[in-house]
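# A look at the structure
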Amino acid sequence: MHPAFSVVFFTTATGAGYGLLALLGVLGGFQIIPPDLWLGFIGLGLALGLIAAGLLSSTGHLGRPERAWRAFSQWRSSWLSREGVASVITFIPAGLFGIGWIFFGRTNGWVAIAGLLATCGAVVTVCTTGMIYASLKPIAQWHSRFTLPGYLIFSAMTGSVLMNALLQGFALGSKVLLAACLLLTMLGWGWKLATWRYNDRLEIATNANTATGLAGGTVRSLEWPHTEENYLLKEMGFRIARKHSARLREITQLLAFALPVLLLVAAFALPWPFAAVVSVIAAMAQFAGMLVERWLFFAEAKHTITLYYGC
Amino acid sequence: MHRPPRGANSAPSQRPLADTRAPDEGDGVDTSPDVSDSIAKTTCYMCACRCGIDVHIKDGKVRYINGNKDHPVNRGVICGKGSSGIMQHYSPARLRKPLLRTGPRGSGEFREIEWEEAFSIATERLSNIRRTDPKKLAFFTGRDQSQSLTGWWASQFGTPNFAAHGGFCSVNMAAGGLYTIGGSFWEFGEPDWDNTRYFMLFGVAEDHDSNPIKIGLGKLKARGAKVVSINPCRTGYNAIADDWIGIRPGTDGLFVFALIHELLRAGRVDLDYLLRYTNAHVLVVQEPGAADDGLFVRDGEGNPLAWDRMAKIPISATDASAKPALTGSFTIDGRHCVPVFQLIADRYLDESYAPDAVAERCGIAADTIRRIAAELAHVAFEQTIELPIAWTDWAGRRHETIKGRPVSMHAMRGISAHSNGFHTCRALHLLQVLLGTVDVPGGFRFKPPYPRSAPPGPKPAGKTVKPMTPLEGMPLGFVCGPDDLLVDEAGAPLRIDKAYSWDAPLAAHGLMHTVIRNAWAGDPYPIDTLMMYMSNMAWNSSMNTVETIAMLTDHDDAGKYRIPFIIYSDAYYSETVPFADLVLPDTTYLERHDCISLLDRPISHADGPGDAIRHPVVEPDRDVRPFQSVLIELGARLGLPGFVDEDGTAKYRDYADYIVNHERTSGIGPLAGWRGKDGTSIGRGEANPDQLQRYIDNGGFWHHDFADDQRYYKMANRSYLDFAVQMGFIPKAEPIVFQLYCEPMQRFRLAARGHGRALPPEGDRQRIETYMDPLPFWYMPFEEAAIDLEKYPLHALTQRPMHMYHSWGSQNAWLRQITSQNRLFVHQRTAADLGLVDDDWVWIESINGRVKGQIKLIDGVNESTVWTWNAVGKRRGSWGLKDDAAESNRGFLLNHIIGDQTSADAQGKRYSNSDPVTGQAAWFDLRVRIVKCAAEEAGFTEPQFERFQQPPHFEPSPDKLTFGAEFRRAREAAE
Amino acid sequence: MTCLPSQSGKKLGLVIDLDTCVGCQACVTACKEWNTGGHMAPLTDIDPYGGHVDGVWFNRVHSYEHTTEMGGRTVNFPRSCLHCETPACVTVCPTGASYKRASDGIVLIDEDKCIGCKLCSWACPYGAREFDTDVGVMKKCTLCVDRIYNDNLAEEDRVPACVAACPTSARHFGDLGDPLSAVSQLVAERGGVDLMPELGYHPTNKYLPPRAHTTRAASVAAPALEPVRAEGGFLGWVDRMLSN
């Protein structure tokens, strides 16, 4: 699949944004973090900003963005529509939570309820995003039991590492949160390795024989129906060399997992503001790493249409 | 048989829904949009097939084109090209106005001129030639469908130097058939698709008779008849064969002889058929050294004789009551003679034609050859068809049924475009005749006006060329012996293309592919003006493109062009236009009149004759004129006898007027339908002023359906022969005897042995002796025989993509999307041996040069063969293509490395790279090697040529096409 | 509405005979020609005369080499929308632009609702949908919905353009939901197959497999040829035959 930057950025940014929002909602709602104007403003601003930027970026993928509102109508059948609905609905409790927290300086009562609802909304939205990909049968690498948990884990991971950077920045760092970040990053790493391992060994029942109905033996593409690349090949025929892919997997592991783990461990030991600095670097490295991971998520996904083109 | 149901795709599984009322879906879809304001029925010209089309016009534009269901050629279907006619019609490469060269030849620098200026330039030049030496005009017309006009024009002008593209297309096939059975494949005949049970397809180019063949293959597949293809390549039609025989190029003749060998050995030949319809029983003189050695034994009136095996006396070979011998050796008047069939048996029963002897050279297992021979015999002799229709033969014998042997064959360029093609084509017909399967139910059937006598009557005119004097006949015809050749006292050619000379005695279609070299070299003489029409001779229609381009632009010592003046007419900015001094812009096929005439290549099928017209269905939006009308006006301005009335005024207003009013002989004109003042005659009759309208009203064509008893055995069917005489197809209602032994060829051989008046030059004698063999034989193609096969181990072929017609497809926005780069297809094992993988760039090298292209590996090809799609490579600046188009950057042209001459013989003479009998261009003799190119050479083709300038007022081609959006806007606005 | 109809009255579709298709591209351009002025007009072509030409087409023909122990065969393979019974391209559509008609099963796009998110093309395993970058919407085969019911066409012409054009008669059209229809019977007789049945889209269109190298192939049970046994070999045989 073609790794369009608009979509790569969209899923990475909203993943992190919803993760952060969920944590803010639940930690705020349960009064684990104190109501602080600047923390609330920057924290929610960052979460909603990432979500908004992601959503905005995703409209860059649309042919007719001015009609995007129509996407809310088919929630009964379409995960994309559900995602749209969920993402927009989540803004309501998130907004109320933000108003309560930032302007009224409270995180209890209706603000707490709004916070918890925002958390639910964020989780649901991330699930819908994951399901968009997990439901696509023509792409075996996505249509697997790894996809939905992956979206949730990475959202929680990037959200918590962001949350940590945020709290560390306000000198509110917590060992529990740091530990959670470490655990989630390790989990994410493990999940990604497991996913890759699964995908690398995937035995796909769909092949050139079933695609063409020509039973037995080998089916080899002789000539394409067109000489130059067409929409199908540009959108779904993306090919990545094994060598290139291996290199990017290394970069992903380094940036998204290894480096953040090292930095987070360091944050345990370091005093403020050094802990804050390494936490922020960890978050930034992880976000960059996740962009690479998401790019690979697309680039390594093989659509069945490629069977028709023998590529 | 009989009239098929309307439309080819009319099976129950291809019909509309039982109830075509739109269901009440409620989704607002307009299921009944208005599709057209009018439908014009005319004839396609996206290739040579001449299908009937319905052109749907909406708001003055072509909305879409589909096949005409009533049309005898395509019966409603339409090919990939036909449906893309819109993009041809609106091509950005269309010429807009007459052009006069301003820059050097080949640069593409022109200025626009008015038609009056164009006419006066041409008239002055040509009238000068006509007054002094008419043969200094060479008029060659390429893929012309109006040869009965263009040939007649040349004849009226007085130049023998006329031909169309047949010499570099398929004259071997045409001549091989016409000299043997009085007909041939494609426009001349077709398999009996409805009855055949075993169909063999040899080396077919997919742009001749393509829809009829496809319709036919569909029928065979629906019936489960067996399809066997003999072709080095397993694509296209060959892909659907039940049996694909991946033969080595140039060895089809050997394969056919091995089949004949097997059939003879097993006694599986139709002796009765041979006696009735062929010259198998005719006696041949066997007196080595004598002047009549190898000629037929004839009586005092010149009738060939046979030997009556009952009466034991010579009898007329056409005596229907005789019992002629087919074998034996006889003495008549002291002269030794044998029947033709004895010679056939002697030759083909020889072990050198046994399957085991040919298998390796053909690349076909001997067992496969034996199996196919057995299958042929089984179907022909055990699955005989008998139609319950009574008919009467030429001798008055009544037959209660029509018997048939349901084996049929079709062949085309793959076997004819070799230097041994003529004999291979003859071999195929010999095989068909031995099986008794020509013009019988289930066999191969003639399309009227064929069969004609073998060979047909008229001889080529041009022995004497005088100023201001028309030729005594048409420039092209059929020679029957050395006396008919167009050579001078010394045996030198009289025609610029050396047709009908000792170089190419049976050159029935001329040799257009030799004209540029010969005119450049002044061999046999210099010319003044080369006039050409729609043939891309500076690119894909020539061999040896690089040198051809150089010859077109070469100067003599005085700094003048060696070919002094070139007039060219084409509708599009092809690679040849920039080499013209004067360009006459033609119209597209939707803007013109044409006639697809019985005098030329009609649209008949085996069940009856037919012809067709084109008529303008849209007005040109440019200052262009149909070439035929231009030619008629030029004829009038020159005062050519046929083109002016006695008072010197133009006889015909334009081509449409000519089509209706011209009479070639009394009562016979270009169109056969609705003749006579009231339009009630067919074939013969006075001109009918309403004729074109009658054609238009009938869907653009005329077709006559035979009575049941006229449909088969046309070579000997009295009812058919009488009809053919009435129509003017043949002069007399005499049987057409298949010439298994071609006596005219023996006359050339005798000349080579020193007999007769016209003798070949010493240097040509061995060649004539060898190749003018009256019985077909096989020899190694010339290039293969001349070169080091270790150095050039591979055969290289081109095939035509079914969605392209020569160079035309690349200007077509739709068709070029399908193929804009051609690859060289290489067998997997061959590639592995050479260390090549998919997508590698390679040099393809022949003795003539090298060209670079990208490869694609394939299994379905003869292992010693590589091939590519024809005419996809383009020169930058042509065809309205942008500079980055794949065609000129990655596509390549194999023509660059095909020599146009043979290697020098012992005397240092180089002949055209052609068949020695007919002069057919031997495109497929090419041998190559392939070499992986260096890394820095990959990614682009070579050789590259300078980019052509664009003609004045040529608009840049658009960056986007939204064809059709306007129809939708209009529909929506109307709602 | 992108929920699928609970049942469709008819299951209109195509049957494509791979044993007969010669890959001539007739159906491809006939489709392009009709549809570029039809229901989804235009089928835009970008850079039509340049090096990166890319147009919208509803029907494409591939060629393959299929090699089994029995032998090799070249197969021309037309590929277009299969009008599936359970098409995910419809259910994934967030706007209701993509839909399956309840009355005849045709899968269509309502262009006015399409936002060009391209998800439907991801959801289609067969590559049946092509995006028109110029208009910004997805386009696809309409099964010539503007031909098969078109009162402005002669009744006999109310078939999809590809079926009308096909020179080898390799394309068939009808109601595959009716087991008695001519197309259903053809599929049964020739062992028609679904493409990628394992994905569960339940395509309506069926493909008839090539027959060469199978028991369905046309064959001639011819005994091997034996030399004539007559006295004097072949020439003796000729003489004997003629005297009979």
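None of these values were measured; they are calculated from a predicted model.

Across its full length, chain B carries 25 helices and 35 strands. The C-alpha atoms of chain B give 28 Å as radius of gyration, which agrees with the globular expectation for 975 residues (30 Å, within 12%). Relative to its full complement of 975 residues, chain B shows a buried share of 64%. Looking at chain B alone, contacts between residues at least 24 apart form 70% of all its contacts between residues at least 6 apart.

In terms of nonpolar packing, the biggest core is built from 480 residues, with Phe255(B), Leu259(B), Leu283(B) and Leu376(B) touching the most fellow members. Ranked by residues supplied to this core, first place goes to helix α10 (residues 274–299) of chain A with 15 residues. Counting residues domain by domain, this core receives three or more from each of domain 1 (12–89) and domain 2 (782–937) of chain B. Those residues in contact with Leu283(B) that lie beyond four places of it in its chain are Phe296(B), Val297(B), Leu305(B), Ala306(B), Trp307(B), Phe330(B), Cys337(B), Val338(B) and Pro339(B).

It is worth spelling out the domain arrangement of chain B at this point. Residue and element names in this part refer to chain B. In terms of domain boundaries, chain B breaks down into domain 1 (12–89) and domain 2 (782–937). The straight-line distance from the C-alpha centre of domain 1 to that of domain 2 is 36 Å. Taken together, the contact between domain 1 and domain 2 spans eight residues of the former and eight residues of the latter. Among the residues making up the side of domain 1 that touches domain 2, the classes are represented as four nonpolar, three polar and one charged.

Before going further, it helps to examine the interface of chain C and chain B. In this assembly, 88 residues from chain C lie in contact with 104 residues from chain B. When the residues that make up the side of chain C that touches chain B are grouped by side-chain class, the tally is 48 nonpolar, 24 polar and 16 charged. Pairing of strand β35 (residues 960–961) of chain B with strand β2 (residues 45–46) of chain C involves two bridges; the strand directions are antiparallel. Each residue of the ladder has a partner; that of Lys960(B), found in β2(C), is Ile46(C).

Across the sheet, which stays open at both edges, the three strands sit in the order β1(A)-β4(C)-β5(C) with antiparallel pairing between neighbours. In the strand order of this sheet, the two ends are held by β1 (218–223) of chain A together with β5 (71–80) of chain C, each with one partner. Neighbouring strand axes in the sheet, compared pairwise and without regard to direction, differ in orientation by 35 degrees on average. In the sheet, β1(A) pairs with strand β4 (residues 59–68) of chain C via five bridges, with the strands oriented antiparallel. When the bridges of β4(C) are listed, Ser221(A) appears paired with Tyr64(C). Packing against the sheet, helix α1 (residues 26–35) of chain C makes contact with β4 and β5 of chain C, and its axis sits at approximately 160 degrees to β4(C).

Time to look at the packing of helix α4 (residues 171–178) of chain B against helix α12 (residues 421–434) of chain B. Residues and elements named next belong to chain B. The N-to-C vectors of α4 and α12 enclose an angle of 45 degrees; their axes lie 8 Å apart at closest approach. By the angle class used here, α4 and α12 are oblique. The crossing of α4 and α12 is right-handed. Counting all contacts with α4, which are made through Asn-172, Met-173, Ala-175, Gly-176 and Gly-177, the residues of α12 involved are Gly-421, Phe-422, Cys-425, Arg-426 and His-429. Looking at the contact of α4 with α12 residue by residue, the classes come out as four nonpolar, five polar and one charged.

Turning to the confidence of the model for chain C, a few remarks are in order. Within chain C, residue pLDDT values average 95, and 99% of them lie at 70 or more. Across the assembled chains, the prediction reports ipTM 0.97 with pTM 0.97.

The next subject is the packing of helix α9 (residues 242–269) of chain A against α10(A). All names here are of chain A. It is the contact of α9 with α10, at a shortest axis distance of 8 Å, that shows an interaxial angle of 160 degrees. The angle between α9 and α10 places the two elements in the roughly antiparallel class. Crossing handedness for the pair α9 and α10: left-handed. When the residues that make up the contact of α9 with α10 are grouped by side-chain class, the tally is 20 nonpolar, five polar and two charged.

With that settled, the discussion passes to the interface of chain A and chain C. Many structure descriptions define interface size as the accessible area lost when the parts assemble. Taken residue by residue, the interface counts 47 residues in chain A and 49 residues in chain C. Of all the secondary structure elements, the ones that give two or more residues to the side of chain A that touches chain C are α3 (79–103), α7 (208–212), β1, α8 (231–236) and α11 (305–309) of chain A. With six residues, the top contributor of residues to the side of chain A that touches chain C is β1(A).

The next subject is the sheet that holds strand β32 (residues 849–858) of chain B. All names here are of chain B. Judged by pairing direction, the barrel is mixed, and its six strands sit side by side in the order β29-β33-β30-β32-β31-β34 before closing back on the first. If you compare each strand with its neighbour and ignore which way they point, the axes differ by 45 degrees on average. Sheet analysis places strand β30 (residues 824–827) next to β32, joined by four bridges and oriented parallel. When the bridges of β32 are listed, Phe-825 appears paired with Lys-856.

Time to look at the environment of His418(B). Residue and element names in this part refer to chain B. With respect to the secondary-structure elements, His-418 resides in the loop between α11 (413–416) and α12. Spatially, the C-alpha atoms of His-418 and Phe-924 are 5.5 Å apart, while their sequence positions differ by 506 residues. Filtering out sequence-adjacent residues up to four positions away, His-418 remains in contact with Gly-250, Thr-424, Pro-781, Ala-922, Phe-924 and Asp-925.

This part is about the pairing of β4(C). All names here are of chain C. Counting buried positions along β4 yields eight of 10 residues, so the element is predominantly enclosed. Where β4 and β5 come together, 10 bridges link them in antiparallel fashion. Counted as the bridge partner of Tyr-64 is Val-75 from β5. The loop that links β4 with its antiparallel partner β5 comprises two residues.

Note that the residue after Trp272(A), namely Pro273(A), is joined by a cis bond; omega there is 5 degrees. Take Pro273(A): it is sitting in the loop between α9 and α10. In this model, Ala41(C) is joined to Pro42(C) through a cis peptide bond whose omega is -10 degrees. Along the chain, Pro42(C) turns up in the loop between α1 and β2. Backbone geometry at Asp333(B) places phi at a positive 50 degrees, although glycine is not the residue there. Its 7 C-beta neighbours within 10 Å are what place Asp333(B) among the exposed residues. In this structure, Gln25(C) takes a positive phi of about 75 degrees despite not being glycine. One can find Gln25(C) in the loop between β1 (12–17) and α1.

Right, let's get into helix α6 (residues 182–190) of chain C. All names here are of chain C. Burial in α6 covers these residues: Val-183, Ser-184, Leu-186 and Val-187. End-on view of α6: buried residues confined to an arc of 160 degrees, all on one side of the axis. Opposite the packed face of α6, turned more than 90 degrees from it, sit the exposed residues Ala-188 and Glu-189. Check the buried side of α6 and you find it contacts β1, β10 (171–175) and β11 (206–208). After α6 finishes, the residue Gly-191 shows a positive phi value of roughly 65 degrees.

All names here are of chain B. If you trace the backbone, Arg-614 turns up in strand β27 (residues 610–614). Sequence separation between Arg-614 and Gly-700 is 86 residues; the distance between their C-alpha atoms is 6.8 Å. Once you skip the residues sitting within four places of it in the chain, Arg-614 turns out to touch Thr-42, Thr-43, Tyr-589, Arg-592, His-593 and Asp-594.

Conventions used here
Residues numbered from 1 in each chain as written. Chains lettered and ligands numbered in written order. Predicted model: local features only at pLDDT ≥ 70, side-chain atom pairs only at ≥ 80, totals over all residues. Helix = DSSP H or I, 4+ residues; strand = E, 2+ residues; numbered from the N terminus. Rg over C-alpha atoms; globule rule 2.2 N^0.38 Å. Buried ≥ 20, exposed ≤ 12 C-beta atoms within 10 Å, placed from the backbone. Contact = placed C-beta atoms within 7 Å. Core = buried A, V, L, I, M, F, W, Y, C linked by C-beta atoms within 7 Å. Domains from an automatic or database assignment. Nonpolar A, V, L, I, M, F, W, Y, C, P; charged D, E, K, R; others polar. Pairing = 2+ DSSP bridges. Axes fitted to C-alpha atoms, helices over the stretch in contact; angles between N-to-C directions. Parallel < 35°, antiparallel > 145°, perpendicular 65-115°, else oblique. Left-handed = near helix turned anticlockwise from the far one by under 90°. pLDDT = per-residue confidence, 0-100. Arc of directions from axis to C-beta.

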